[in-house]
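Secondary and tertiary structure notes
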Amino acid sequence: MKRKEKKKYSYIRHPYSHAGWFSFALGLVVFTVTVLIMVTAVRTEGSVPRVTAAAGVCAILLGIMGIVFTVSSLFEKEHNHLFAVIGGVLSALTLLCWGLILL
């Protein structure tokens, strides 16, 4: 008797873009670091240590890298760009917050 093979169904038409995962991870890191720096600044009434200020500069640079990864992942053909867009939005909003803070 012939054995029936189970059919495999994929509900995702295209795989996620590779650079999109990096963009998403960087977006989460930048958002988390920015929130932690803001909480620290509020608790210390604006007198943050130099390490915290350096972490803020690193968060800005990582946010820029997140946007670069977002743009590069959007050029990947035949891929799903969901995580790239989420990471890009997180990075852009965080950079906008940093712009407002530094003004």
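Right above here is the structure, for reference.
Below or above, wherever it landed, is the structure these notes cover. (Residues numbered from 1 in each chain as written. Predicted model: local features only at pLDDT ≥ 70, side-chain atom pairs only at ≥ 80, totals over all residues. Heavy atoms only, no water.)

1. Topic: the overall build of the protein chain
- On a plain count of helices and strands, the protein chain comes out with three helices and zero strands.
- Starting at the N terminus and ending at the C terminus, the protein chain contains elements arranged as α-α-α.
- Taking 2.2 N^0.38 as the reference for a compact globule, 103 residues should give roughly 13 Å; the C-alpha atoms of the protein chain span a radius of gyration of 19 Å, well beyond that estimate.
- For the protein chain, the C-alpha atoms occupy an extent of roughly 75 × 30 × 15 Å along the three principal directions.
- Buried positions account for 24% of the 103 residues belonging to the protein chain.
- Partitioning the intrachain contacts of the protein chain with sequence separation of at least 6 by distance along the chain shows that 84% fall at a separation of at least 24.
- Roughly 8,000 Å² of accessible area belongs to the protein chain as shown, and the carbon and sulfur atoms make up 71% of that amount.
- Computing the positive centroid from 10 side-chain charges and the negative centroid from 4, the protein chain places the two 13 Å apart. (Helix = DSSP H or I, 4+ residues; strand = E, 2+ residues; numbered from the N terminus. Rg over C-alpha atoms; globule rule 2.2 N^0.38 Å. Buried < 20%, exposed > 50% of the residue type's maximum accessible area, 1.4 Å probe, protein only. Contact = heavy atoms within 4.5 Å. Areas by Shrake-Rupley, 256 points an atom, 1.4 Å probe, with all protein chains shown as cover. Lys, Arg positive; Asp, Glu negative; His and termini not counted. Charge placed at Lys NZ, Arg CZ, Asp CG, Glu CD.)

2. Some thoughts on unusual backbone geometry
- The phi dihedral of E45 is positive, around 55°, even though this residue is not glycine.
- Unlike most non-glycine residues, E78 shows phi in positive territory, near 60°.
- Examined against the element boundaries, E78 turns out to sit in the loop between α2 (50-74) and α3 (82-102).

3. Here we look at the packing of aromatic side chains
- Under the definition given, this model contains five aromatic pairs.
- Connected via pairs of aromatic rings, a cluster forms that spans Y16, W21, F24 and F83. (Phe/Tyr/Trp six-rings, centres within 6.5 Å; stacked < 30°, edge-to-face > 60°.)

4. Description of the environment of G87
- Here G87 is to be found in helix α3.
- Residue G87 is classed as buried on the basis of its relative accessible area, which comes to 0%.
- The spacing of G87 and I67 is 20 residues in sequence and 7.9 Å in space, taken between C-alpha atoms.
- If near-sequence neighbours (up to four positions away) are discounted, G87 is found in contact with S23, F24, G27 and T70.

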